Amino acid sequence: MKVAVTSKGENKDSVFEGRFGRTPYFLIFDTESDECKAVKNPYSQEASGVGPRAAQLLVDNSVNKVITGNVGGNAASALQMAGIEVVLDRNGGSAEEVYNKNKA
Amino acid sequence: MKIAVASGKGGTGKSTVSVNLAYSLALREKVVLADCDVEEPNLHLFFDAEETEKEVKVPLPEFDMEKCTLCGDCARFCNYGALIVGKDKLLFLKEMCHSCGGCRILCPADAVSETEVSIGRILTSQPSENLTLITGILNIGEIKAPDVIKDVKKAAEKITGSQITILDSPPGTACSMVETVDSIDFSILVAESTPFGMHDIKLAAEVVKERNIPACIVINRSDGQDEVIEILSEEMNIPILMRIPFEKEIAEIQGNGEILSAHSEKYQKEFLALFDEIQKMAGGEA
Ligand code: SF4
Ligand code: SF4
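Anyway, here's the lowdown on the structure attached to this text. (Residues numbered from 1 in each chain as written. Chains lettered and ligands numbered in written order. Predicted model: local features only at pLDDT ≥ 70, side-chain atom pairs only at ≥ 80, totals over all residues. Heavy atoms only, no water.)

### Considering the site of ligand 2
Then comes step 1: Around ligand 2, the structure places 13 residues, and the nearest of them are B:Cys78, B:Cys97, B:Cys100, B:Gly101 and B:Cys103.
Then comes step 2: Looking at the shell around ligand 2, its residues break down into 10 nonpolar, 3 polar and no charged. (Near = heavy atom within 4 Å. Nonpolar A, V, L, I, M, F, W, Y, C, P; charged D, E, K, R; others polar.)

Pasting the structure below:
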């Protein structure tokens with residue numbers, strides 16, 4: 001299974017990002033190997049439609065689940081439609097810590 | 001000449017100024033009064049005339065799921081996040097769509113067609129021989145106010161024989177207001193002399209200044225102590241051209257939904273004088 005975590009940077013020890021659509025990076029973990037790759041979110045600075053477009057990015061990367069702090073209404077419908085599970089984490093920490101806490 | 005009447009927030013007397021200016025001018029020449037406050041149009045309440053109605057439509061894409069291969073090209077293209085394509089479904093978020101037509105053009109499966117959806121109405125009436133009133137109404141629940149405003153402005157342009165259009169702008173400085181003041185010649189900023197109103201009117205003043213639109217301030221419900229607005233006027237170099245005093249009689253006429261200039265020759269003259277002054281400032285021939 002592939003789990004995406006919103007992250008301020010491109011490494012596992014980067015700080016967890018609370019915003020979904022405006023996250024600078026998604027760290028995509030493979031739950032089998034715990035391997036991780038960073039996908040830059042090209043929409044983080046854009047004016048509109050960032051949530052659904054970021055959701056499409058996750059669809060295109062075959063993500064099954066996303067861990068973030070907050071998801072807007074349109075992004076939430078998009079994720080739901082795409083069958084991507086959403087887990088909200090409000091405690092923060094590094095991206096990897098948040099992943100380990102919520103991956104199950 | 002196109003004059004927009006704007007205000008920082010609602011309830012400052014913006015409609016009063018639009019209606020009275022249009023009424024007074026219509027006593028001597030042809031005028032179009034356009035209500036661009038499409039979420040809460042109220043100018044038609046001052047007049048009593050038969051209205052003709054026209055729908056405002058915007059094109060929206062329609063998806064044929066028999067043909068769609070769920071390739072996702074449209075979703076990756078859409079700049080506004082209006083489309084998401086999953087493994088077995090396509091989701092179209094109509095409120096986010098800007099009707100650019102891109103998805104229809106690029107779809108490799110030819111699965112996208114165009115339909116027209118009504119988002120509002122334009123009402124046109126002729127309250128007096130010289131006065132044409134155009135009202136834009138956005139359907140409840142719709143968000144595309146600027147599209148309705150565009151149609152109001154187009155309808156106003158089609159009225160021939162009139163040199164003057166007065167546009168009643170939505171309050172505030174959101175995209176509806178910006179759409180209204182786009183390509184106009186002059187802006188009247190209606191203010192009340194309270195510290196509260198001051199901040200909002202300043203934002204509105206900045207919007208017109210940025211666009212190099214000449215402007216003036218009209219103070220409504222002035223109690224004669226308008227320091228806050230006077231300071232703003234000096235700071236932004238926007239003259240105060242008229243003060244409508246806070247008087248019981250005026251409040252009563254307005255409260256009854258009546259037009260001040262229709263009751264008082266004094267105000268007729270004042271609004272005409274305001275217009276003449278505006279024409280000078282806008283560089284037009286008097
Ligand atoms: S581009 Fe056409 S075929 Fe591809 S997902 Fe969009 S509508 Fe379907
Ligand atoms: S018409 Fe344009 S804005 Fe609307 S869904 Fe298609 S690509 Fe997106």
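### A short note on the site of ligand 1
Then comes step 1: Around ligand 1, a shell composed of 13 residues is seen, among which B:Cys68, B:Cys71, B:Gly72, B:Cys74 and B:Cys107 lie nearest.
Then comes step 2: For the shell around ligand 1, the per-class residue count stands at 11 nonpolar, 2 polar and no charged.

### Some thoughts on the interface of chain B and chain A
Interface size is commonly expressed as the accessible area that is lost once the parts come together.
Then comes step 1: The partner chain A presents 14 residues to the 17 residues of chain B that form the contact.
Then comes step 2: Counting the surface lost from both chain B and chain A, the interface buries some 1300 Å², and carbon and sulfur atoms represent 55% of this.
Then comes step 3: Across the contact surface, chain B and chain A share 1 salt bridge.
Then comes step 4: One salt bridge in this structure joins B:Arg76 and A:Asp60, with 2.8 Å as the shortest N-O distance. (Contact = heavy atoms within 4.5 Å. Buried area = accessible area lost by both parts, 1.4 Å probe. Salt bridge = Lys/Arg side-chain N within 4 Å of Asp/Glu carboxyl O.)

### Quick look at the sheet that holds strand S2 (residues 31–35) of chain B
All names here are of chain B.
Then comes step 1: A sheet is described by the order of its strands in space; here 9 strands give the open sequence S3-S6-S7-S2-S8-S1-S9-S10-S11, paired in mixed fashion. This sheet does not close on itself; its edge strands, each paired only once, are strand S3 (51–63) and strand S11 (240–245). On average, each strand axis in the sheet is tilted by 20 degrees relative to the strand beside it, whichever way the strands run.
Then comes step 2: Across 7 bridges, strand S6 (residues 112–128) lies against strand S7 (residues 131–138) in antiparallel orientation. What sits directly across from Leu-123, in S7, is Thr-135.
Then comes step 3: Helix H4 (residues 145–158) contacts strand S1 (2–7), S2, S3, S6, S7 and strand S8 (164–168) of the sheet and is inclined by roughly 165 degrees relative to S7.
Then comes step 4: On top of the sheet, helix H6 (residues 195–210) reaches S1, strand S9 (186–192) and strand S10 (215–222); it is set at about 170 degrees to S9, its chief contact. (Pairing = 2+ DSSP bridges. Helix = DSSP H or I, 4+ residues; strand = E, 2+ residues; numbered from the N terminus. Axes fitted to C-alpha atoms, helices over the stretch in contact; angles between N-to-C directions.)

### Some remarks on the layout of surface pockets
All names here are of chain B.
Then comes step 1: There is about 450 Å³ of room inside the largest pocket.
Then comes step 2: Forming the boundary of the largest pocket are 22 residues, of which Gly-11, Thr-12, Gly-13, Lys-14 and Thr-16 lie nearest the centre.
Then comes step 3: Counting only elements with at least two residues in the lining of the largest pocket, the list comes to helix H1 (14–26), S10 and helix H8 (248–255).
Then comes step 4: Looking at the lining of the largest pocket residue by residue, the class counts come to 7 nonpolar, 9 polar and 6 charged.
Then comes step 5: Approximately 320 Å³ is the volume attributed to the second largest pocket.
Then comes step 6: As for the second largest pocket, its lining consists of 16 residues, and the residues nearest its centre are His-98, Ile-143, Lys-144, Pro-146 and Asp-147. (1 Å grid on protein atoms, 1.4 Å probe; cavity = no way out; pocket = protein on both sides within 12 Å on 5 of 7 lines; lining within 4 Å. Points joined across faces, edges and corners; volume = space filled by probe spheres on them.)

### Here's the deal with the pattern of salt bridges
Oppositely charged side chains may form a pair once their charged atoms are brought near each other.
Then comes step 1: This structure, assessed with the given rule, holds 26 salt bridges over all chains.
Then comes step 2: B:Lys94 is the partner of B:Glu142 in a salt bridge, and the nearest nitrogen-oxygen pair spans 3.9 Å. Taken as a pair, B:Glu142 in the loop between S7 and H4 and B:Lys94 in the loop between strand S5 (90–92) and helix H3 (102–106) lie far apart in primary sequence, 48 residues in all.
Then comes step 3: Ionic contacts of the salt-bridge type, sharing partners, join the residues A:Lys8, A:Glu17 and A:Arg19 into one network.

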